[in-house]
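Topology and contacts: notes
Chain by chain, the residues run as shown.
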Amino acid sequence: MRKIICVSLLITLFSCSNQKETVPSEMETNHTPQLKHFPQQLPLEKPNKPLSSALHRLYDAYPAPKPQNNELFSQFKYTELKGFDYNNHDGTISRRDPSKVIFENGKYYVWYTHRETPTPPQGAKKSTDIIPSADWDLAEIWYATSEDGFTWKEQGVAIKRPKKPLVGWRSVTTTDILKWKGKYYLYYQGFMEASGKRGDDCPVAVSYSDSPNGPWTPYNKIVIPNGPKGAWDQYSIHDPYPLVHNGKIYLYYKSDFIDENNKWVRMQGLATANNPLGPFTKHPLNPVINSGHETSLFPFKEGVAALVYKDGNEHNTIQYAKDWVNFEIAAISELMPYAAAPFVPDAFIDTKDGRGITWGLAHFINISGWSKFNSKLVRFDCDLSRDVNDHRMKEPRVIHKPDVYYRQGLNKEQRERIAKETATLKSKK
Ligand code: AAL
């Protein structure tokens, strides 16, 4: 008996020592040989070797390890629009904050903030019933159409300011369009006081029509209310931006709130509804984007992508949320369009296969300086599309002429600080 136990023990020990390790070491989890050096040709997939956090991020955070192959990276190109008059940019006419562009009746449509006042903006203290406090004060929503997206024909007013005390009596601005079950809805900021009295405070209102040419019927109620006292969106609901997803209206918006030094912080929230006239439910995870300003979004694959620029740690990024709520940075870009309003062909079809965008309108603000503040509409083009492969848009380098850099010159205080630093060094010689 003892002999049998010894022999079977010997067989067991022998078989274990000869067996290839059944539990692979952590470095061979994918059964490819571990690399000693990062390869000379950039791997398209994460290589099997210990990696730094930057290299983990390269493969985990971005759709591709190089911007040239990153579907959510693009440069942005700009083209001056034809068809709009600005009184030589004397500050009495301003057009800004365009809506998404839609294509109906064989042409493009866009709506935007239109201000035409006897003077340029004069600030809240000097504002009156005819003198604007800000570039978007005493404004209306106008619209224009285009056959080609470059030359536009201004059609006139779409949404007038209603009579006091209706929502938006002071100014109706910063609109966006929703097409839902064959009807059209324009959401916009409805100011009840001159912007700047306390802050840039307003809720969101909505008007609707059977045609993109109007006439528009105002709902005359607040459709996206300000948040409760002390909430991040207590004072302003800006830049309403509706899309259709999961059979609902997903309306993204921005709010201005403050930091510990009473300086502006801007982030984006989400409110959803089954009916364009509400009620809208704000997402419990709001804010859902931690940066940005007039943030524009578009369906991409099963998720949604966002152009996040201007404000916050993650300005100049293109972000993606597979679940339409939790956004991650997908690409970093520059010269991103201000108040981008893309042409989003699949904005309202509840797609699960978003195709992306290639162009839209945006605005340039403060064209003539603070004393004649006015803004103008512009066209941008990009390749954030799964159906286009424009390699010129995928190059990360935007080459600027030296004068672009020289315009970002030092001011008097900065020069004085530098001179003092040099003098201190010299005194120590
Ligand atoms: C814009 C938008 C909103 C603000 C003001 C006009 O860029 O964020 O519309 O209220 O500035």
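Structure report, in brief.

Description of the pairing of strand β17 (residues 317–321)
The buried count for β17 comes to 5 of 5 residues, which makes it a mostly enclosed element. The sheet contact formed by strand β16 (residues 303–308) and β17 spans 5 bridges and is antiparallel. Looking at the pairing, Ala305 lines up with Tyr320 of β17. Across 4 bridges, β17 lies against strand β18 (residues 328–332) in antiparallel orientation. Within β18, the residue paired with Ile318 across the bridge is Ala331. Where β17 hands over to β18, the hairpin turn is made up of 6 residues, of which Trp324 adopts a positive phi near 70°.

So, the environment of Gly303
Within the secondary structure, Gly303 sits in strand β16. When the C-alpha atoms of Gly303 and Phe327 are compared, they prove to be 9.7 Å apart, with 24 residues separating the residues in sequence. If we ignore the near neighbours within four places in the chain, the residues touching Gly303 are Tyr320, Ala321, Lys322 and Trp324.

Comments concerning the site of the ligand
The environment of the ligand is made up of Arg96, Asp97, Trp136, Thr174, Gln189, Asp200, His238, Asp239, Lys254, His293 and Glu294. Within the side chain of Arg96, a nitrogen or oxygen atom sits 3.3 Å from an oxygen atom of the ligand. At 2.6 Å, a side-chain N or O of Thr174 approaches an oxygen atom of the ligand. Surface burial for the ligand is 97%, taken as the share of its 280 Å² of free accessible area covered by protein chains. For the shell around the ligand, the per-class residue count stands at 1 nonpolar, 4 polar and 6 charged.

Some thoughts on the packing of aromatic side chains
The geometry of an aromatic ring pair comes down to the distance between the two centres and the angle between the two planes. This structure, assessed with the given rule, holds 21 aromatic pairs. Ring centres of Tyr108 and Phe343 lie 5.4 Å apart, and the angle between their planes is 80°; on these two criteria the pair is classed as edge-to-face. Of this pair, Tyr108 sits in strand β4 (residues 107–116) while Phe343 sits in the loop between β19 (341–342) and β20 (354–364), and the two are 235 residues apart along the sequence. Exposure class is identical for Tyr108 and Phe343. Each is buried. Here Tyr108 and Trp359 contribute two aromatic rings whose centre-to-centre distance is 4.9 Å and whose plane-to-plane angle is 85°, an arrangement assigned as edge-to-face. With Tyr108 in strand β4 and Trp359 in strand β20, this pair connects stretches of sequence that are 251 residues apart. Side by side, Tyr108 and Trp359 carry an identical accessibility label, which is buried. Ring-pair connections join several aromatic residues into one group, and the members of that group are Phe103, Tyr108, Phe343 and Trp359. Above the plane of the ring of Tyr86 lies Arg95, whose end atom (NZ or CZ) is 4.8 Å from the centre. Sitting over the ring of Tyr235, Arg198 keeps its end group 3.4 Å from the ring centre.

Looking at the nonpolar core
Across soluble globular proteins, you tend to see nonpolar side chains buried next to one another. Membership of the largest hydrophobic core comes to 71 residues, with the highest contact counts inside it found for Trp111 and Tyr252. Ile93, Val101, Tyr108 and Trp142 belong to the second largest nonpolar core, which has 15 residues in total.

Thresholds applied
Residues numbered from 1 in each chain as written. Predicted model: local features only at pLDDT ≥ 70, side-chain atom pairs only at ≥ 80, totals over all residues. Heavy atoms only, no water. Buried < 20%, exposed > 50% of the residue type's maximum accessible area, 1.4 Å probe, protein only. Helix = DSSP H or I, 4+ residues; strand = E, 2+ residues; numbered from the N terminus. Pairing = 2+ DSSP bridges. Contact = heavy atoms within 4.5 Å. Near = heavy atom within 4 Å. Polar contact = N/O pair within 3.5 Å; in protein donor to acceptor, adjacent residues only side chain to side chain. Areas by Shrake-Rupley, 256 points an atom, 1.4 Å probe, with all protein chains shown as cover. Nonpolar A, V, L, I, M, F, W, Y, C, P; charged D, E, K, R; others polar. Phe/Tyr/Trp six-rings, centres within 6.5 Å; stacked < 30°, edge-to-face > 60°. Lys NZ or Arg CZ within 6 Å of the ring centre and 35° of its normal. Core = buried A, V, L, I, M, F, W, Y, C linked by side-chain atoms within 4.5 Å.

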